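Chain by chain, the residues:
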Amino acid sequence: MTGDIERTLAVAAGLFILGAIGFLTRRNLILIFLSAELMMHGVGLTFVTFGRMHFSNEGQVMNVMSLTVAACEAGLALALILALFQVSRSLDVELWTDLREEDLPNPVSADELTSVVPATAPEFPKLTPAGRAPVLPKRQVVIKRNSSPKT
Amino acid sequence: MNLLQGQGGLLISILLFAFGLWWLIPGPAQRNKWVGLAAVLLGIFGQLGVMRIPDNPLVDEILFGLFAGSTLFFSALVVTHHKPVYAALWFAMATLSSCGMLLLQSAPFLAAATVIVYAGAIVVTFVFVIMLAQQAGVTPYDQRSRRPALAVIAAFVLLAAILTALHRNGNELVAAVPQPLSDVAVHDLTQANALSHPRPGESLGTMHGLGRALFGDYLFTVELAGTLLMIASIGAIAIAPRREQGTL
């Protein structure tokens, strides 16, 4: 496997495999589609490599077509993700396991169903103090603290 | 001298370039910037000189290693990162480096189109959707993936099968491919998809040849792709939530 074609095919296979792993394991809807795009990258690279092996432009034509399909897929998928997010307020794909066949068991095991746990409190950005700290005499601060509870 | 003209010059100029950049990056130590500038310029010009040597195998090796390694590395980061925004940015990097792989496979138009479509349009749309729909902080479903061991086993069994086939039969497969058509003196127009093959003397993947293939042999496919794009845009507009249905 020292030739240029074989090693490019190996890289394309690796790209496809990594995308497949991401598609199977990730639970975020957006990341699932990103992994699908990775798989399409791998397939497109394979097309181009085989076209080069046969000294023909047909592989590149096929890759242009898969590019078109990928663009359509991304547009539709992102519209679908927005629609799904509006219903469930979450990007978790496990929330849609009710769409399975009725006689099949729930594919989500109990310890994997962590989406019922509420998300942690949002971290708001903290502004760093800007400029010079004002030099205040200590007495004024003390007076203000004493006066504020009275009012 | 032979070493300097070939592979040594390449390494030395790369090292000079890297050293000059490191020298120029502002740090605690005060450095003379002319030294760094000289190193960077020497490195760039040396690199250009090495690249002009025809058929330097080391250049191909280095480029292939760089692009292949970064493609696989960045796509592994996409799959494993637990923040979707970072995953989208690593996906853009993986796309760019796989475009480098396409360039090495003599597909320059395709590499440019992929950069425009993927890194320009798709990743930006992904980031917009992440901004619209992402909950604050790291969500629990990003931290717990689903059956990772099973997925890795299944995928790597497939990868091992592909790599074994390539190892065993790769040379025979490549050797079994018939002679390229460009060697045939008379270009046979009666052959199947004759317009898709480069003409004698023409290289692979030129704009001319690709356009001839797309609008010659694959004209109906191009029309079909245009129709598909139109239908997909109509569908995306129809599916996307309306403003009166409530904002995200």
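Bear in mind the structure is a predicted one, so any value in this text is a computation, not a measurement. (Residues numbered from 1 in each chain as written. Chains lettered and ligands numbered in written order. Predicted model: local features only at pLDDT ≥ 70, side-chain atom pairs only at ≥ 80, totals over all residues.)

Draft legend 1. Summary view of the overall build of chain B. On a plain count of helices and strands, chain B comes out with ten helices and zero strands. For chain B, the succession of helices and strands along the chain, N to C, is α-α-α-α-α-α-α-α-α-α. In chain B, the proportion of contacts linking residues at least 24 apart, taken out of those at least 6 apart, comes to 50%. (Helix = DSSP H or I, 4+ residues; strand = E, 2+ residues; numbered from the N terminus. Contact = placed C-beta atoms within 7 Å.)

Draft legend 2. A look at the overall build of chain A. Assigned secondary structure in chain A consists of four helices and zero strands. Overall, chain A shows an N-to-C arrangement of helices and strands of α-α-α-α. A buried classification covers 40% of the 151 residues belonging to chain A. At a minimum sequence separation of 6, the contacts of chain A that also span at least 24 residues come to 42%. (Buried ≥ 20, exposed ≤ 12 C-beta atoms within 10 Å, placed from the backbone.)

Draft legend 3. Structural context of the confidence of the model for chain B. All names here are of chain B. Mean pLDDT over chain B works out to 82, with 86% of the residues at or above the 70 mark. Per-element mean pLDDT across chain B ranges from 51 in helix α1 (residues 2-5) up to 93 in helix α10 (residues 219-239). The ipTM for the predicted assembly is 0.79, set against a pTM of 0.77. (pLDDT = per-residue confidence, 0-100.)

Draft legend 4. Looking closely at the domain arrangement of chain B. Residue and element names in this part refer to chain B. In terms of domains, chain B is made up of domain 1 (1-54), domain 2 (57-134) and domain 3 (194-239). Computed from C-alpha coordinates alone, the two centres of domain 2 and domain 3 are separated by 23 Å. The interface is formed by four residues belonging to domain 2 together with five residues belonging to domain 3. Here the side of domain 2 that touches domain 3 is composed, by residue class, of three nonpolar, one polar and no charged. (Domains from an automatic or database assignment. Nonpolar A, V, L, I, M, F, W, Y, C, P; charged D, E, K, R; others polar.)

Draft legend 5. Region of interest: the interface of chain B and chain A. Opposite the 83 residues of chain B that make contact, chain A presents 70 residues. Counting residues per element, the ones that place at least two in the side of chain B that touches chain A are α4 (57-80), α5 (84-104), α6 (108-133), α7 (140-143), α8 (148-176), α9 (207-217) and α10 of chain B. For the side of chain B that touches chain A, the element with the most residues is α8 of chain B, which contributes 14 residues. Split into classes, the residues belonging to the side of chain B that touches chain A amount to 55 nonpolar, 24 polar and four charged.

Draft legend 6. Expanded view of the nonpolar core. If you look at the biggest cluster of nonpolar residues, it comprises 62 residues, and the most contacted ones within it are I30, L34 and I81 of chain A together with V78 and F91 of chain B. Secondary structure elements with two or more residues in this core: α1 (4-25), α2 (29-53) and α3 (58-88) of chain A together with α4, α5, α6 and α9 of chain B. When residues of this core are assigned to their parent elements, the largest contribution, twelve residues, is made by α3 of chain A. Two domains each donate at least three residues to this core, and these are domain 2 (57-134) and domain 3 (194-239) of chain B. Leaving out residues up to four positions away in the same chain, F91 of chain B has contacts with L34 and E37 of chain A together with V78 and V123 of chain B. (Core = buried A, V, L, I, M, F, W, Y, C linked by C-beta atoms within 7 Å.)

Draft legend 7. The arrangement of the environment of L31 of chain A in detail. With respect to the helices and strands, L31 of chain A occurs in helix α2. Between the C-alpha atom of L31 of chain A and that of G19 of chain A, which follows or precedes it by twelve residues, the distance is 10.0 Å. In this view, L31 of chain A contacts G22 and R26 of chain A together with P84 and A87 of chain B; residues no more than four positions away in its chain are not counted.

Draft legend 8. Spotlight on unusual backbone geometry. Phi is positive for R89 of chain A, close to 55°, though the residue is something other than glycine. Positionally, R89 of chain A belongs in the loop between α3 and α4 (138-147). Residue classification places R89 of chain A among the exposed positions, given that 12 C-beta atoms sit within 10 Å. Even without glycine at this site, S106 of chain B takes up a positive phi of about 55°. Assignment of secondary structure puts S106 of chain B in the loop between α5 and α6.

Draft legend 9. Representation of the packing of α1 of chain A against α2 of chain A. Residues and elements named next belong to chain A. In the contact formed by α1 and α2, the axes pass within 7 Å of each other and the chain directions differ by 165°. Judged by the inter-axis angle, α1 sits roughly antiparallel to α2. As for how α1 packs across α2, the hand of that crossing is left-handed. Among the residues forming the contact of α1 with α2, the class breakdown is 17 nonpolar, eight polar and one charged. (Axes fitted to C-alpha atoms, helices over the stretch in contact; angles between N-to-C directions. Parallel < 35°, antiparallel > 145°, perpendicular 65-115°, else oblique. Left-handed = near helix turned anticlockwise from the far one by under 90°.)

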